[in-house]
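Listed below, chain by chain, are the residues.
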Amino acid sequence: MRLDTFNNTGFDRGASKGKELLWLLCCWLPLSSGLPGAGWRASLLRLFGARIGQGAIIKPGVRVKFPWRLTVGDHCWIGEDVWIDNLAEVSFGNHVCVSQGAYFCAGSHDWGKQSFDLIVKPINVGPHAWIAAKTIVAPGVCVGEGAVLGLGSVATQALEPWTIYAGNPAVPVKPRRFDEKNIEFE
């Protein structure tokens, strides 16, 4: 590759440079700090354009590149030190659990071109899914409803609904079972 030919001037950051700078200076550092309380984090993200549902819990240490490209459903948990590198839209359905240290990477590069062109693709996590600790979700991945991405796994392609995945790359391990009497779905 020839990094001197890299050019991402066509990349739409989704907000003005002023808004992005304000986010970086005033909000990103406090959001990623260890200060207690989840409500103020959700409010701060909303202030910058994130769509955050009712009862969402945003834990300390969370990093969000562009809040205006984030949707978090009702009653989601976003754990400590989660990094949402959302160069494209990242969305979580209702009742999604994202555990500590998970990384959502919505951008990459075209290693087949000398100019190392930027590639961005949205990530969608369906309702009732669990993204376990220290996992990675690659650009363009859709996580099906109720799917589980196991500890330390890497999702590089779609995860089927109600299936447990593990490994690098993540592969299906077994179906996810649940007690229908104790789960209510919208």
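The paragraphs below set out a description of the structure included in this document.

The rules behind each value
- Residues numbered from 1 in each chain as written.
- Predicted model: local features only at pLDDT ≥ 70, side-chain atom pairs only at ≥ 80, totals over all residues.
- Heavy atoms only, no water.
- Pairing = 2+ DSSP bridges.
- Helix = DSSP H or I, 4+ residues; strand = E, 2+ residues; numbered from the N terminus.
- Phe/Tyr/Trp six-rings, centres within 6.5 Å; stacked < 30°, edge-to-face > 60°.
- Buried < 20%, exposed > 50% of the residue type's maximum accessible area, 1.4 Å probe, protein only.
- Lys NZ or Arg CZ within 6 Å of the ring centre and 35° of its normal.

Okay, the sheet that holds strand E17 (residues 154-155) next. With parallel pairing, the 5 strands of this open sheet are ordered in space as E3-E6-E9-E14-E17. Of all strands in the sheet, those with a lone pairing partner are strand E3 (63-64) and E17, marking the two edges. In the sheet, E3 pairs with strand E6 (residues 83-85) via 2 bridges, with the strands oriented parallel. When the bridges of E6 are listed, Val 64 appears paired with Ile 84.

What follows deals with the pairing of strand E19 (residues 171-175). Within a regular strand, the side chains alternate between the two sheet faces. Note that strand E18 (residues 163-166) and E19 share 4 bridges and pair antiparallel. From the neighbouring strand, Tyr 165 faces E19, where its bridge partner is Pro 172. Between the antiparallel neighbours E18 and E19 lie 4 residues, among them Gly 167 with a positive phi of about 105 degrees.

Turning our attention to the packing of aromatic side chains. With the rule as written, the count across this model stands at 5 aromatic pairs. A centroid spacing of 5.4 Å and a plane angle of 25 degrees characterise the contact between Phe 66 and Trp 68, whose relative ring orientation is stacked. The class of Phe 66 is buried, set by a relative accessible area of 0%. Taken together, a centroid distance of 5.1 Å and an interplanar angle of 80 degrees make the contact between Phe 92 and Phe 104 edge-to-face. Pair noted here: Phe 92 is in strand E7 (residues 90-92) and Phe 104 is in strand E9 (residues 103-105), with a separation of 12 residues, a long-range link. Phe 104 shares its class with Phe 92; the two are buried. An aromatic cluster of three or more residues is present, and its members are Phe 11, Phe 66 and Trp 68. We note Arg 63 situated over the ring of Trp 83; from NZ or CZ to the ring centre the distance is 3.9 Å.

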